[in-house]
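Here is what each chain is made of, one letter per residue.
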Amino acid sequence: MELSTYLIYLSISIIASISVGPSVVLAAANGINFGLKKALSGVLGHVCAILILATISASGLGSLIIASKTTFLLIKYLGILYLLYISYAIWQNKGTWSLLNEPRDMPSGLSLYRKSLILGLSNPKALVFFTALFPQFIQAEQPLLPQFFILTTTSLTNAFIFTFAYALAGYNFKNKLQPMLNSGLLSKVTASLFLCFATVLAVTK
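Residues numbered from 1 in each chain as written. Predicted model: local features only at pLDDT ≥ 70, side-chain atom pairs only at ≥ 80, totals over all residues. Heavy atoms only, no water.

Peer 1: Give a description of the overall build of the protein chain that names residues and reports values.
Peer 2: A count of helices and strands for the protein chain gives nine helices and zero strands. Within the protein chain, the proportion of its 205 residues that are buried is 44%. Sequence separation of at least 24 residues holds for 83% of the intrachain contacts in the protein chain that already meet a minimum separation of 6. Total accessible area on the protein chain stands at roughly 10600 Å², and carbon and sulfur atoms take up 71% of it. (Helix = DSSP H or I, 4+ residues; strand = E, 2+ residues; numbered from the N terminus. Buried < 20%, exposed > 50% of the residue type's maximum accessible area, 1.4 Å probe, protein only. Contact = heavy atoms within 4.5 Å. Areas by Shrake-Rupley, 256 points an atom, 1.4 Å probe, with all protein chains shown as cover.)

Peer 1: Tell me what's going on with helix α1 (residues 3-18), and back it up with residues and numbers.
Peer 2: The terminal C-alpha atoms of α1, which comprises 16 residues, lie 22 Å apart, in line with the 22 Å expected from a rise of 1.5 Å per residue. Among all positions in α1, only Y9, S13 and S17 are buried. Seen from one end, α1 has its buried residues packed into an arc of 70 degrees, which puts them on one side. Contacts made by the buried residues of α1 are with α2 (22-59), α6 (124-137) and α7 (144-172). (Expected span 1.5 Å × (residues − 1). Arc of directions from axis to C-beta.)

Peer 1: Which residues make up a nonpolar patch on the surface, and what values go with them?
Peer 2: Where nonpolar side chains cluster on the molecular surface, the patch consists of L74, L78, L81, L84 and L195 and spans about 470 Å² of accessible area. The leading source of residues in the nonpolar patch is helix α4 (residues 69-91), at four residues. Relative to the helices and strands, L74 resides in helix α4. Judged by its relative accessible area of 53%, L74 falls in the exposed class. (Patch = residues over 30% accessible without salt bridge, like charges linked within 9 Å, V, L, I, M, F, W, Y side chains within 5 Å. Salt bridge = Lys/Arg side-chain N within 4 Å of Asp/Glu carboxyl O.)

Peer 1: Which residues make up α4, and what values go with them?
Peer 2: Across its 23 residues, α4 extends 33 Å between first and last C-alpha, which sits within 8% of the 33 Å expected from 1.5 Å per residue. Restricting attention to buried positions, one finds in α4 the residues F72, K76, G79, I80, Y82, L83, I86, S87, A89 and I90.

Peer 1: Outline the packing of aromatic side chains, supporting the account with residue identities and numerical values.
Peer 2: In this structure the tally under the stated criterion is one aromatic pair. Summarising the aromatic geometry, the rings of F160 and F164 are spaced 6.0 Å apart at their centres and angled 5 degrees between planes, so their arrangement reads as stacked. Here F160 and its partner F164 are both found in helix α7, four residues apart, which amounts to about one turn of the helix. (Phe/Tyr/Trp six-rings, centres within 6.5 Å; stacked < 30°, edge-to-face > 60°.)

Peer 1: Quick rundown of the nonpolar core? Include the residues and the values.
Peer 2: Side chains of nonpolar character tend, in soluble globular proteins, to be buried together. Core analysis: the biggest nonpolar cluster contains 16 residues, and Y9, F130 and F134 have the highest contact counts within it. Put simply, the parts of the chain that give this core at least two residues each are α2, α6 and α7. Considering each element in turn, this core owes the most residues, six residues, to α6. When neighbours within four sequence positions are excluded, F130 is seen to be in contact with Y9, I50, L53, A54, S57, P135 and S155. Core analysis: the next-biggest nonpolar cluster, separate from the first, contains 13 residues, V25, L83, I86 and L201 among them. (Core = buried A, V, L, I, M, F, W, Y, C linked by side-chain atoms within 4.5 Å.)

Peer 1: Give a description of the packing of α4 against helix α5 (residues 109-121) that names residues and reports values.
Peer 2: As a packed pair, α4 and α5 sit with axes 9 Å apart at the nearest point and diverge in direction by 140 degrees. Here α5 runs oblique to α4, going by the angle between their axes. Across the interface between the two elements, I75, Y82, L83 and I86 from α4 touch K115, I118, L119 and L121 from α5. Residues of the contact of α4 with α5, tallied by class, amount to seven nonpolar, no polar and one charged. (Axes fitted to C-alpha atoms, helices over the stretch in contact; angles between N-to-C directions. Parallel < 35°, antiparallel > 145°, perpendicular 65-115°, else oblique. Nonpolar A, V, L, I, M, F, W, Y, C, P; charged D, E, K, R; others polar.)

Peer 1: Outline the environment of S116, supporting the account with residue identities and numerical values.
Peer 2: Structurally, the position occupied by S116 is in helix α5. When the C-alpha positions of S116 and L26 are compared, they lie 7.6 Å apart, and in sequence the two are 90 residues distant. Not counting the four nearest positions on each side in its chain, S116 is found in contact with L26, N30, G42, G45 and H46.

Peer 1: Before we move on, can you summarise the packing of α2 against α7 with the specific residues and values?
Peer 2: The contact between α2 and α7 brings their axes to 8 Å, and the two run at 165 degrees. Of the possible angle classes, the one that applies to α2 and α7 is roughly antiparallel. Relative to α7, α2 is oriented so that their crossing is right-handed. (Left-handed = near helix turned anticlockwise from the far one by under 90°.)

Peer 1: Outline the environment of V128, supporting the account with residue identities and numerical values.
Peer 2: Along the chain, V128 turns up in helix α6. Judged by relative accessible area, which is 33%, V128 ranks as partly exposed. Sequence spacing of V128 and S57 is 71 residues, and the spatial spacing of their C-alpha atoms is 8.2 Å.

Without other data, these values stay purely geometric and don't point to any function.
Right, here's the structure in full:
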């Protein structure tokens, strides 16, 4: 793979990782709620979701899923329902989704990992992203595995760095957000963001 080609992919991957989406908002919320160590578990869940989706895309299954309207819509609407559930749970300050000064329930790292993993896997847009992007940068005349390794490692690294950066920002700005936490306003704002993500996913073809 030529350096210029790789740099183009790197730029696209960075932009995709920085952009605000459900996973990074959840990472920021985990940083606010549970601290960096716990939030890291959620970040790893998101990274694993990226790895699974990239592998599915590279194996050709992604194309088959996208080609099957029924399968694609099933994944899409399950994702929408999950986003709506998160929105409702945060709005109601329900259990480990609570955005409070002192959360009533402290979840395990495995729980946060699982939530982020499910959230990442339930977004078919990520599957479309990798399925559409990989063929543009993989050269068929060269060994495929090393190219897949380079592209996937780049995406995983960016996903980890920037998702953790959101968690770190949430953790560091918690004190400044304290009035919003105490009033419940931050919960309403975060819940509204997830509602917006669900709406966008629902209207996107």
